[in-house]
Structures are given as structure tokens and as C-alpha cells.
Amino acid sequence: MLPGPKLDRIDLKILAKLQQEGRITNVELADAVGLSPSPCLTRVKRLEKAGYITGYGAHVNLNKLGEFLTVFTEVTLSEHRRGDFSRFESRIVKIDEIVECHLVSGGYDYLLKFVARGVSHYQSIIEGMLESDYGIEKYFSYVVIKSPFIKHHFPIQNLFGQTHA
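Treat the numbers as computed from the prediction; the structure is a model and nothing was measured. (Residues numbered from 1 in each chain as written. Predicted model: local features only at pLDDT ≥ 70, side-chain atom pairs only at ≥ 80, totals over all residues. Heavy atoms only, no water.)

*Asks:* Would you explain the side chain of Thr 76 in this entry?
*Replies:* Residue placement: Thr 76 occurs in strand S1 (residues 69-77). A residue is classified by how much of its surface remains accessible, and Thr 76, at 11% relative accessible area, is buried. The contacts of Thr 76, once residues within four sequence positions are left out, are Gly 107, Tyr 108, Asp 109, Gly 135, Ile 136, Glu 137 and Lys 138. (Helix = DSSP H or I, 4+ residues; strand = E, 2+ residues; numbered from the N terminus. Buried < 20%, exposed > 50% of the residue type's maximum accessible area, 1.4 Å probe, protein only. Contact = heavy atoms within 4.5 Å.)

*Asks:* Would you explain unusual backbone geometry in this entry?
*Replies:* If a residue is not glycine, its phi is most likely negative; likewise, a peptide bond is most likely trans. Despite not being glycine, Asp 133 shows a phi value in the positive range, around 55°. For Asp 133, the position within the fold is in the loop between helix H6 (119-131) and strand S4 (136-143).

*Asks:* Please clarify how the sheet that holds S4 should be interpreted in this entry.
*Replies:* Two modes of strand pairing occur in sheets, parallel and antiparallel, and in both the strands are linked by backbone hydrogen bonds. Spatially, the 4 strands line up as an open sheet ordered S2-S3-S1-S4, and their pairing is antiparallel. Each edge of the sheet is formed by a strand with only one pairing partner; in this case those strands are strand S2 (98-103) and S4. With strand direction ignored, the average angle separating the axes of adjacent strands in the sheet is 20°. Judged from the 7 bridges that link them, S1 and S4 form a sheet pairing that is antiparallel. Looking at S4, one finds that Val 75 is bridged to Tyr 139. Most of the contacts of helix H5 (residues 82-92) go to strand S3 (residues 110-116), to which it runs at about 15°, and overall it touches S1, S2, S3 and S4. (Pairing = 2+ DSSP bridges. Axes fitted to C-alpha atoms, helices over the stretch in contact; angles between N-to-C directions.)

*Asks:* Help me understand the packing of helix H1 (residues 9-20) against helix H3 (residues 37-49) in this model?
*Replies:* At a closest axis distance of 11 Å, the pairing of H1 and H3 adopts a crossing angle of 80°. Judged by the angle between their axes, H1 and H3 are roughly perpendicular. Together, Ile 10, Asp 11, Ile 14, Leu 15 and Leu 18 of H1 and Cys 40, Arg 43, Val 44, Arg 46 and Leu 47 of H3 make up the contact between the two elements. Counted by class, the contact of H1 with H3 contains 7 nonpolar, no polar and 3 charged residues. (Parallel < 35°, antiparallel > 145°, perpendicular 65-115°, else oblique. Nonpolar A, V, L, I, M, F, W, Y, C, P; charged D, E, K, R; others polar.)

*Asks:* Help me out: how do you make sense of the pairing of S1 in this one?
*Replies:* Along a regular strand, successive side chains alternate from one face of the sheet to the other. Counting buried positions along S1 gives 8 out of 9 residues, so the element sits mostly inside the fold. Where S1 meets S3, 7 bridges bridge the pair, whose relative direction is antiparallel. Paired with Val 75 across the two strands is Tyr 110, which belongs to S3.

*Asks:* Looking at this model, I keep getting lost on the packing of aromatic side chains. Mind explaining?
*Replies:* One pair of aromatic rings is described through two measures. These are the centre distance and the angle between the planes. For the structure on display, the rule yields 3 aromatic pairs. Consider the rings of Phe 85 and Tyr 110, whose centres lie 6.0 Å apart with planes at 50°: the pair is tilted. Taken together, the positions of Phe 85 in helix H5 and Tyr 110 in strand S3 put the pair 25 residues apart, joining distant regions of the chain. There is no split in this pair, since Phe 85 and Tyr 110 are both buried. Centroid distance Phe 114 to Tyr 122: 5.0 Å. Interplanar angle 90°. Geometry classified as edge-to-face. Like Phe 114, the residue Tyr 122 is buried in the burial classification. (Phe/Tyr/Trp six-rings, centres within 6.5 Å; stacked < 30°, edge-to-face > 60°.)

*Asks:* Any chance you could explain H1 here in plain terms?
*Replies:* Residues three or four positions apart in an α-helix share a direction because the helix packs 3.6 residues into each turn. With 12 residues, H1 should cover 16 Å at 1.5 Å per step; its first-to-last C-alpha distance of 17 Å lies within 8% of that length. Buried within H1 we find Ile 10, Asp 11, Leu 12, Ile 14, Leu 15, Ala 16 and Leu 18. Capping the start of H1, Asp 8 holds a side-chain oxygen 3.1 Å from the backbone nitrogen of Ile 10, two or three residues further along. (Expected span 1.5 Å × (residues − 1). Polar contact = N/O pair within 3.5 Å; in protein donor to acceptor, adjacent residues only side chain to side chain.)

So, in C-alpha cells, the structure goes:
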């Protein structure tokens with residue numbers, strides 16, 4: 001993605017506030033970042049148009065819906081040509097239960113995050129991937145026992161505040 005317009009500290013405050021409270025009104029947002037409503041709305045629209053804001057949504061508490069299993073899986077591919085990586089990624093993006101995919105450095109190629117109804121559901125997904133020849137040489141699974149916290153926001157001002165101030 002091409003870089004968008006240069007962001008200042010107010011833009012970063014807007015992004016930080018919106019990712020924590022996506023349903024905040026423009027008047028409340030303007031007050032929180034020290035602007036009047038009209039310039040605040042102009043900035044939000046500019047941030048949306050430039051691709052800094054890619055959407056708004058609800059955080060769903062899966063625990064309220066029932067039991068489920070989270071599994072982190074290390075995947076090593078059999079071959080390491082560019083096409084092998086592209087083919088793997090284009091296939092796994094179609095598996096709804098894979099909610100994160102990270103190409104990593106180190107002893108394996110990808111770190112995947114699965115959510116499944118249980119161990120047998122997860123195992124059937126993995127077996128399907130192996131049988132369909134996704135190019136997996138080996139995999140290791142790590143079942144999550146407990147998630148003490150999951151943050152749904154990034155520390156935007158800590159990461160980018162100094163370079164954009």
C-alpha cells in the first residue's frame with residue numbers, strides 16, 4: 001500500500017480513539033481529541049479515504065456463544081519457492097477457521113491461528129489440508145488453555161507518535 005498523507009498527533013489520537021470506541025459520535029470524538037466537530041469529521045473522512053481506517057465492526061465475545069478451541073499452528077512448507085508461498089496463502093485464506101496467518105522467520109514458515117469447535121474439528125481441518133496437498137511438510141499445534149487477555153487495539157501513539165509529532 002502506498003503511504004497516505006502525513007499524519008500529525010491529532011490524526012494519531014483520532015485513530016487511537018476510534019479503534020477503542022468505533023461507535024463514538026463525531027462530537028464526542030472531536031471533544032476527546034481537542035477539535036471542533038467539523039474539522040474532526042473532515043480528518044476522519046480523509047483517514048478513511050487514505051486507507052488508514054479500513055472499517056468498523058463489533059468485537060464478539062465467542063465465550064458467550066459457546067465452547068470453542070483456539071489453536072496456534074506452526075507450519076513448515078515442503079518447498080520454498082515464491083509460488084509455493086503464494087499458493088499456500090491463496091488456499092488457506094479460504095478456510096474460515098484460520099483467523100490469522102503470519103509468515104515468520106525462524107524454524108518454521110507460518111504461524112496460523114485457528115478457531116474450531118473442538119479438537120476433532122481442528123484435526124479434520126488439518127487433515128483436509130494435508131490430504132489436499134497444501135505443500136505442508138510438517139506442522140506443530142499449540143492448543144490455547146486460557147487467554148488472560150486479548151487486546152483488540154494497537155498502541156498507535158506509542159508506535160508512531162514520536163516520528164509523526
